[in-house]
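The residues making up each chain are set out below.
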Amino acid sequence: MTSDFDQYLSNHLGHIADDGALEWNAATALEHHGSHFPTDTNAAVLEIGPGFGAMLHCLRECRGYQNVRAIDLSPEVVEACNKILPGSTELVSDSAKYFEEHRGEFDLILMLHVLEHVPRDEVMALVRAIHGALRAGGTLIVEVPNAAHPLTGTHHRYHDFTHTVGFTDQSLAFVLRNAGFQGVDVYGCKIPRKSLARLIQRTAQDGVELLLKLFLRLYMPSQPIILSSVLGACAKK
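Procedures and definitions
- Counting of residues starts from 1 at the beginning of each chain's written sequence and follows it residue by residue.
- With the structure being a predicted model, the display of local features is reserved for residues of pLDDT at least 70 and the display and counting of side-chain atom pairs for 80 or more, all residues being used for whole-chain, interface and lining totals.
- Excluded from the side-chain calculation are hydrogens and water; included are all heavy atoms of the structure.
- For our purposes a nonpolar core is just a set of buried Ala, Val, Leu, Ile, Met, Phe, Trp, Tyr and Cys residues, chained together by side-chain atoms within 4.5 Å.
- Accessible area is worked out with a 1.4 Å probe on protein chains only. A residue is then buried under 20% of its type maximum, exposed over 50%, and partly exposed in between.
- Segments assigned H or I by DSSP are reported as helices when at least four residues long, segments assigned E as strands when at least two residues long, and all are numbered from the N terminus.
- Contacts between residues were defined by any pair of non-hydrogen atoms, one from each residue, lying within 4.5 Å.
- Here a pair means two rings of Phe, Tyr or Trp (six-membered ring of Trp) with centres within 6.5 Å. Their orientation is stacked below 30 degrees between planes, edge-to-face above 60, and tilted elsewhere.
- The criterion is that NZ of a Lys, or CZ of an Arg, lies within 6 Å of the ring centre and within 35 degrees of the ring normal, and then a charge sits over that ring.
- Each helix should span, by expectation, one fewer than its residue count multiplied by 1.5 Å.

Residues Phe99, Ile109, Leu115, Leu140, Leu172 and Leu176 are the most contacted members of the largest nonpolar core, which totals 37 residues. Contributions of two or more residues to this core are made by strand S1 (44-48), helix H5 (95-100), strand S4 (106-112), helix H6 (120-133), strand S5 (134-145), helix H8 (169-178), strand S6 (183-189) and strand S7 (230-236). Broken down by element, the residue count for this core peaks at six residues, all from H6. In this structure, Leu176 is in contact with Val127, Leu140, Val142, Phe181, Val184, Ala233 and Ala235, ignoring residues within four places of it in sequence. Residues Phe37, Met55, Leu56 and Leu110 belong to the second largest nonpolar core, which totals 25 residues.

Mapped onto the elements, Glu209 comes out in helix H9 (residues 196-219). Residue classification places Glu209 among the buried residues on the basis of a relative accessible area of 8%. Placed 60 residues apart in sequence, Glu209 and His149 show a C-alpha to C-alpha distance of 8.6 Å. In this structure Glu209 touches His149, Lys190, Leu227, Ser228 and Ser229, once residues within four positions along its chain are discounted.

With the rule as written, the count across this model stands at two aromatic pairs. The ring of Trp24 carries the charged tip of Arg198 above its face, separated from the ring centre by 4.1 Å.

With 14 residues, H6 extends 21 Å from end C-alpha to end C-alpha; this agrees with the ideal 20 Å at 1.5 Å per step. Within the sequence span of H6, burial applies to Val123, Leu126, Val127, Ala129, Ile130, His131, Gly132 and Ala133. Elements in contact with the buried residues of H6: S1, H5, S4, S5 and H8.

Below, the structure is given as structure tokens:
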């Protein structure tokens, strides 16, 4: 599995996201999840799978966190992130083992578009290990593609060969609760209305998703469902 990510940046991520897109994605993630972050800028923050390091940069420069670290399976990712924030990112071959060795160490752990890459039979062990690595009252933030979205779900599940599992709001909540988290809140991540173009895009998406929900009611009349293309979750220890 580790070898699949050795050139993940150059062979995949670099082809679908330029510098502007990376910065936008990091700023958007702060919009989606920032209200769940610790107020203490000395809080111990760890990002799993930091990509090109855009979120690490935002955490330090935009939110002022001084104790920011990251781990990744890919030497290429580690090298790129340590150029952005020297000494921040560690190469780890076994993430669950890493968390077992760092029990009760972190206030906030970020897992943004990472969980869908974890082999299905390793998901529960990893999330339980993450739970153990959080301090009492600590927070895990997860973001994944929404496999239930009728238009984008299949694309997001299969466009990346390293995706191994898809999540809906219910399956994501199941994993987090069964890993020991008590306060689990799963929510849709929508495009911030920060420009006229984004406002138009968001309005169109909201309209399409409302229509799709009405159709789904014919098949699942009593079951609530989140239909944003991306899901977020905040889980408290």
